[in-house]
2 protein chains.
Amino acid sequence: MLCPVTFYKALADDTRLKSLLLITEQQELCVCELMTALELSQPKISRHLAQLRKANVLADRRSGQWVFYSLHPALPTWAQQVLKQTLLANELYLAPCRQQLSLISERAVTQSCC
Amino acid sequence: MLCPVTFYKALADDTRLKSLLLITEQQELCVCELMTALELSQPKISRHLAQLRKANVLADRRSGQWVFYSLHPALPTWAQQVLKQTLLANELYLAPCRQQLSLISERAVTQSCC
DNA sequence: TTCGCATATATGATTATCCGCATATTTAAA
DNA sequence: TTTAAATATGCGGATAATCATATATGCGAA
């Protein structure tokens, strides 16, 4: 059972909120994708993702050397809807991140990964 | 224009979240009502309300010696919906506060105020 | 004007949060 | 088994949030 204030503390940071909204939009992202999308250091991303994991907001799945994060399957419906609404109503907030994300997906066609 | 992360920082504290949800539910509440509803000190309530006021989440209206707080008229629709959804999906979170609130409204019939 | 109630704010101490840096862990490939 | 890539975490140090206490302000009544 997710306490509302715990949930909102998870959203109360720029790095975490952007990560969460990007994951809401893209279903699943790995750490290196978030690193380049947000243009932030690896430990910083990783630490915030760990917080979201501990709060049961995100779930992680390892696939080889990559760890993919997605919304936790047990995340309450109301919390999911809050994320979706925030995403839809704040299109521009994620624009620079999407820009960066699109660059790696192009690169990924030719090169190995992130 | 309200930045999403600013809004969620406003919700990321127990006192503020409960105050906001109570105000969402009751339309308008004064400081002394929130004090007894949350069973917290006057300066503590006042300081958190000031934060919400500065963030343009709440609006204040003075009526004699009382100051009534309500959701800011310019609060974006998405933010209003987030509050409403949180309220509906977390009935029990506010139960003790409502209990305390009902006690003063009974008292208010006979006595002066809060 | 003086008093009392409701509310706001200043101050200093405590605590929580966030960060960079270094290092550990896990996995795949050589 | 050594190496490199991806990810996680330990450890201070800096910054910000929160709190309790004391005090200030604004308003109505006497």
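Residues numbered from 1 in each chain as written. Chains lettered and ligands numbered in written order. Predicted model: local features only at pLDDT ≥ 70, side-chain atom pairs only at ≥ 80, totals over all residues. Heavy atoms only, no water.

Per an unreviewed UniProt entry, chain A goes by Metalloregulator ArsR/SmtB family transcription factor and derives from Arsukibacterium indicum.

### Some points on helix H4 (residues 42-54) of chain B
Residue and element names in this part refer to chain B. Its 13 residues give H4 an end-to-end C-alpha distance of 18 Å, which sits within 8% of 18 Å, the value for a rise of 1.5 Å per residue. Restricting attention to buried positions, one finds in H4 the residues Ile45, His48, Leu49, Ala50 and Leu52. Looking one or two places after H4, you find Asn56, whose phi comes out positive at around 60°. (Helix = DSSP H or I, 4+ residues; strand = E, 2+ residues; numbered from the N terminus. Expected span 1.5 Å × (residues − 1). Buried < 20%, exposed > 50% of the residue type's maximum accessible area, 1.4 Å probe, protein only.)

### Some words on the sheet that holds strand E1 (residues 29-30) of chain A
Residues and elements named next belong to chain A. Strand order in the open sheet formed by 3 strands is E1-E3-E2, with antiparallel pairing between adjacent strands. Each edge of the open sheet carries a strand with a single partner, namely E1 and strand E2 (58-63). As paired elements, E1 and strand E3 (residues 66-71) share 2 bridges and run antiparallel to each other. Within E3, the residue paired with Cys30 across the bridge is Phe68. With respect to the sheet, helix H2 (residues 14-26) is in contact with E1, E2 and E3, its orientation differing from that of E3 by roughly 85°. (Pairing = 2+ DSSP bridges. Contact = heavy atoms within 4.5 Å. Axes fitted to C-alpha atoms, helices over the stretch in contact; angles between N-to-C directions.)

### With respect to the pattern of salt bridges
Any two side chains of opposite charge can pair, so long as their charged atoms come close to each other. Residues and elements named next belong to chain A. Here the structure, examined in full by the defined rule, presents 10 salt bridges over all chains. Here Lys18 makes a salt bridge to Asp14, at a shortest N to O gap of 2.9 Å. With Lys18 and Asp14 both in helix H2 and 4 residues apart, the pair spans about one turn of that helix. With a relative accessible area of 19%, Lys18 lands in the buried category. One salt bridge connects Arg98 with Glu91, and the closest N-O pair in it is separated by 3.6 Å. (Salt bridge = Lys/Arg side-chain N within 4 Å of Asp/Glu carboxyl O.)

### Structural notes on the relation of the copies chain A and chain B
Between chain A and chain B, which share one sequence, the superposing operator has a rotation angle of 180° and an axial displacement of 0.0 Å; the RMSD is 0.0 Å. In short, the pair behaves as if placed about a two-fold rotation axis. A symmetric contact is evident, with 100% of the interface residues of chain A recurring at the interface of chain B. (Least-squares fit on C-alpha atoms with pLDDT ≥ 70 in both.)

### Quick word on the protein's contact with DNA strand D
The immediate surroundings of DNA strand D are formed by 22 residues, with A:Gln42, A:Arg47, A:Tyr69, B:Lys44 and B:His48 found nearest. For DNA strand D, the backbone makes up 56% of the atoms found within 4 Å of the protein, where backbone means sugar plus phosphate. A:Tyr69 is positioned with one of its side-chain polar atoms (N or O) 2.6 Å from a phosphate oxygen of DNA strand D. Elements represented by at least two residues in the surface near DNA strand D include exactly helix H3 (31-38), helix H4 (42-54) and E3 of chain A together with H4 of chain B. Here the surface near DNA strand D is composed, by residue class, of 9 nonpolar, 6 polar and 7 charged. (Near = heavy atom within 4 Å. Polar contact = N/O pair within 3.5 Å; in protein donor to acceptor, adjacent residues only side chain to side chain. Nonpolar A, V, L, I, M, F, W, Y, C, P; charged D, E, K, R; others polar.)

### With respect to unusual backbone geometry
With a phi close to 60°, A:Asn56 is a non-glycine residue in the positive phi region. Here A:Asn56 shows up in the loop between H4 and E2. Under the relative-accessibility criterion, A:Asn56 is labelled partly exposed at 44%. Positive phi is not limited to glycine here, since B:Gln27 has a value of about 75°. Note that B:Gln27 resides in the loop between helix H2 (14-26) and strand E1 (29-30).

### Some points on the interface of chain A and chain B
By a widespread convention, an interface's size corresponds to the accessible area lost as its parts come together. Chain A puts 19 residues into the contact, and the matching count from chain B is 19 residues. Buried surface at the junction of chain A and chain B, both sides included, amounts to about 1600 Å², of which 69% is carbon and sulfur. If you sort the residues of chain A by the area they bury against chain B, A:Tyr8, A:Trp78 and A:Gln85 come out on top, with a joint share of 33%. One can count 0 salt bridges joining chain A with chain B. The tally of links from chain A across to chain B stands at 4 residue pairs in polar contact (both at pLDDT 80 or more). (Buried area = accessible area lost by both parts, 1.4 Å probe.)

### Here's the deal with the protein's contact with DNA strand C
Close contacts around DNA strand C come from 21 residues, with A:Lys44, A:His48, B:Gln42, B:Ser46 and B:Tyr69 the closest. Counting only atoms of DNA strand C within 4 Å of the protein, the fraction found in sugar and phosphate groups is 69%. Between DNA strand C and B:Cys32 there is a distance of 3.0 Å, counted from a phosphate oxygen to a backbone nitrogen or oxygen. B:Gln42 places a polar side-chain atom, nitrogen or oxygen, 2.7 Å from a base nitrogen of DNA strand C. Of all the secondary structure elements, the ones that give two or more residues to the surface near DNA strand C are H4 of chain A together with helix H3 (31-38), H4 and strand E3 (66-71) of chain B. At 5 residues, H4(A) tops the list of elements feeding residues into the surface near DNA strand C.

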